[in-house]
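Structural overview
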Amino acid sequence: MDRLLDCLNWPVPVSGIRKNPSYPCNPWLNPEPREAGRLRITRYIPAMLVDGKPYRTIWLPDSDPGLVQIIDQRKLPFAFKIADLRTTDDAARAIVEMQVRGAGLIGATAAAGMYLAAIEATTESDFEAAIQKRAEFLCEQRPTAVNLRWAVERSIAAISECESNEEKVAAAREMAQTVADEDADFCRRIGQHGMELIREIHEKTGKPVNILTHCNAGWLAFVDYGSATAPIYAAHDAGIPVHVWVDETRPRNQGARLTAWELGQHGVPHTVVADNVGGHLMQHGMVDLVITGTDRTTFTGDVANKIGTYLKALAANDNGVPFCVALPSSTFDWEISDGVNGIPIEQRGGDEVTVMSGVPVDGGGPEQEFQIVAEGSPAANFAFDVTPSRLVSKLITERGICDASENGVHGLFPEKFS
Ligand code: MRU
């Protein structure tokens, strides 16, 4: 109840919501679009909390039409900072420098970047050429998450239906908002479907359900709720006892830095483990279920996710632990059938491997960087790996749960195969 009241009182940083104080506040309800005067409100109360206040990871303030705001994830968990994006370059930089990251949020940022690109294109003589150039530039920033190109293409399609520059800018803004809203809604639905898997395990064992996750497929990787974390939050909110093993996820430590932080903010019991611990935990019956996210999933069920995911899937397979992958349909690649050979794997700078950062142990002072490798040793940094569908027990999508196979995916998304 406190949480609901809090929702009502907090001036959430998402445009539109405060205009209808009777808007449903339970974040797991399915809010129907409502009419409020001339304004058709289809947006959601953010469900995820920072210091008890609901936030999304990206939003477009009504008060300043040329502005997009994001949570700067590079600073977490030691500082909570909001960053302003005002140009296509800002959006591109936010993606490549990982102020924002995670498949869904990369897509939402790309769509917002396209809105900023549309504003810029109105100042050039050839709007179409200007927007196309910026679209390609945005797409180049990170190769693995398919949501990037998907969002850019949706924006281009919306813009191309308009006549005047003014309409094009408005369409791009509307699409940026739609991509963000859809992402939040799809993740909420993933939570509702995935929660049933957790409930089933709990009803069988009568004990808290131990779930292992890798990297951050939490709300920080999307707009709200997360993919892998959505079932966990839904179960926790429904009173099903859960405990999460959080892989630290070298080299950038998205598990230790981001997943642990957001689970803590939501009050979900969790324990951070070094990346190589998962196999041991599974051998000793300490993991009931693995849920990860994915950055690109073939229509045949192969899954590209943060480096190290494949090894967890092998360990899960060897120990009879269900290995589930949660994704909104925006993360499907409907063209590629062989993930291992077809999905481009991003390679990042070796410095992410050789340098670690953190705050002094006593908590005082700003974040500092430390070299952890002998001077001169080269480092390789493959950011993702592919888990073949044979190792994936189930896919959890906004439309329901299916086998990780062409047949399974076809059953939920038949229109994509026609
Ligand atoms: O490199 P990142 O942090 O953008 O990596 C992507 C991820 O966050 C993970 O692979 C995640 O598990 C899936 S993205 C929803």
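Parameters and conventions
- The residue numbering used here restarts from 1 in each chain and proceeds along that chain's sequence as written.
- Under the rules for a predicted model, residues below a pLDDT of 70 receive no local features and side-chain atom pairs below 80 are neither given nor counted, while totals for whole chains, interfaces and linings still include all residues.
- Only runs of H or I of at least four residues qualify as helices and only runs of E of at least two qualify as strands under DSSP, and these elements are numbered from the N terminus.
- Burial is judged by counting the other C-beta atoms within 10 Å of a residue's own C-beta: 20 or more makes it buried, 12 or fewer makes it exposed, and any count in between marks it as partly exposed, with every C-beta position built from the backbone.
- Throughout, a residue-residue contact means that the two C-beta atoms, derived from backbone geometry, are no farther apart than 7 Å.
- By this definition, two strands are paired if DSSP reports at least two bridges between them.
- Axis angles are defined between N-to-C directions and span 0 to 180 degrees, where every axis is a line fitted to C-alpha atoms and, for a helix, only to the segment in contact.
- The criterion for a residue being near a molecule or strand is simple: its C-beta atom, placed using the backbone, must lie within 6 Å of it.
- For each domain, the first and last residues come from an automatic or database assignment.
- In these notes the angle categories are as follows: under 35 degrees is roughly parallel, over 145 is roughly antiparallel, 65 to 115 is roughly perpendicular, and the rest is oblique.
- By the definition used in this description, the sense in which the near helix is turned from the far one sets the handedness, with an anticlockwise turn below a right angle giving left-handed and a clockwise turn giving right-handed.
- Polarity classes work like this: nonpolar for Ala, Val, Leu, Ile, Met, Phe, Trp, Tyr, Cys and Pro, charged for Asp, Glu, Lys and Arg, and polar for all others, with Gly in that last group.
- Residues of type Ala, Val, Leu, Ile, Met, Phe, Trp, Tyr and Cys that are buried and joined through C-beta atoms within 7 Å form what is called a nonpolar core.
- Each helix should span, by expectation, one fewer than its residue count multiplied by 1.5 Å.

**Structural notes on the overall build of the protein**
- If you tally the helices and strands in the protein, you get 13 helices and 20 strands.
- Of all 418 residues assigned to the protein, the portion counted as buried reaches 46%.
- Summarising the internal contacts of the protein: among those between residues at least 6 apart in sequence, 72% fall at separations of at least 24.

**Details of the sheet that holds strand 14 (residues 323–326)**
- Spatial ordering of the open sheet is given by 10-9-8-11-14-19-20, a layout of seven strands whose pairing is mixed. A single partner strand is all that each edge strand has here, and the edge strands are strand 10 (270–273) and strand 20 (400–402). Going from strand to strand, the sheet's axes swing by 25° on average, the running direction of each strand aside.
- Examined bridge by bridge, strand 8 (residues 209–213) and strand 11 (residues 289–292) share two bridges and lie parallel to one another. The residue bridging Leu212 from the neighbouring strand is Val290, located in strand 11.
- Lying on the sheet, helix 8 (residues 254–265) is in contact with strand 8, strand 9 (242–247) and strand 10; it crosses strand 9 at an angle near 165°.

**Some words on the site of the ligand**
- As a matter of local geometry, the ligand sits amid 17 residues, with Arg101, Cys215, Ala217, Gly293 and Lys306 nearest to it.
- Here the shell around the ligand gathers at least three residues from each of two domains, domain 1 (2–183) and domain 2 (193–417).

**Regarding the packing of helix 6 (residues 165–205) against helix 7 (residues 229–237)**
- Look at helix 6 against helix 7: their axes get within 7 Å of each other, and the N-to-C directions meet at 65°. By the criterion of interaxial angle, the relationship of helix 6 to helix 7 is roughly perpendicular. Along this stretch, helix 6 crosses helix 7, giving a crossing that reads as right-handed. Mapping the contact onto sequence places Cys187, Arg188, Ile190, Gly191, Gln192, Gly194, Met195, Leu197, Ile198 and Arg199 in helix 6 and Ala230, Pro231, Tyr233, Ala234 and Ala235 in helix 7.
- For the contact of helix 6 with helix 7, the class distribution of residues is 10 nonpolar, three polar and two charged.

**Re the packing of helix 3 (residues 103–121) against helix 6**
- One way to put it is that helix 3 packs onto helix 6 with a least axis distance of 8 Å and a crossing angle of 170°. Classed by the angle they form, the pair helix 3 and helix 6 counts as roughly antiparallel. Contacts between helix 3 and helix 6 pair Gly104, Gly107, Ala108, Ala111, Ala112, Met114, Tyr115, Ala118 and Ile119 from the former with Lys168, Val169, Ala172, Arg173, Met175, Ala176, Val179, Ala180, Asp183 and Cys187 from the latter.
- Classifying every residue of the contact of helix 3 with helix 6 gives 14 nonpolar, two polar and three charged.

**Re the sheet that holds strand 13 (residues 303–306)**
- Taken in spatial order, the four strands line up as 15-12-13-18 in an open sheet, and their pairing is mixed. Bordering the open sheet on either side are strand 15 (332–333) and strand 18 (384–387), each of which pairs with just one other strand.
- Examined bridge by bridge, strand 12 (residues 296–298) and strand 15 share two bridges and lie parallel to one another. If you follow Thr297 over to strand 15, its bridge partner there is Phe332.
- The strands that helix 10 (residues 309–318) touches are strand 13 and strand 18; relative to strand 18, the one it contacts most, it runs at about 30°.

**Describing the pairing of strand 14**
- Neither face of strand 14 is left uncovered, since the one carrying Phe323 and Val325 and the one carrying Cys324 and Ala326 both have all their residues buried.
- Bridge count for strand 11 against strand 14 is three bridges, and the pairing is parallel. By the bridge assignment for strand 14, Thr292 is matched with Val325.
- Pairing between strand 14 and strand 19 (residues 394–397): three bridges, direction parallel. Bridging across to strand 19, Ala326 finds its partner in Ile396.

**Quick word on the nonpolar core**
- Ala112 and Met114 are the most contacted members of the largest nonpolar core, which totals 105 residues.
- For this core, the element with the most residues is helix 6, which contributes 14 residues.
- Of the residues that make up this core, three or more belong to each of domain 1 (2–183) and domain 2 (193–417).
- Look past the residues within four positions of Ala112 in its chain and what remains in contact with it is Ile58, Leu60, Val68, Leu85, Ala91 and Ala176.

**Regarding helix 5 (residues 147–160)**
- When the terminal C-alpha atoms of helix 5 are compared, their 20 Å separation across 14 residues agrees well with the 20 Å that a helix rising 1.5 Å per residue should span.
- The set of residues buried in helix 5 consists of Asn147, Leu148, Trp150, Ala151, Val152, Arg154, Ser155, Ala158 and Ile159.
- Tucked into the core, helix 5 has its buried residues touching helix 3, helix 4 (127–139) and helix 6.

**Looking at helix 8**
- Under the 1.5 Å per step criterion, the end-to-end length of helix 8 is 15 Å for 12 residues, consistent within 8% with the ideal 16 Å.
- The complete set of buried residues in helix 8 reads Gln254, Gly255, Ala256, Arg257, Leu258, Thr259, Ala260, Trp261, Glu262 and Leu263.
- Each element contacted by the buried residues of helix 8 is listed here: strand 8, strand 9, strand 10 and strand 13.
- Count one or two residues on from helix 8 and you reach Gly267, which has phi positive near 80°.

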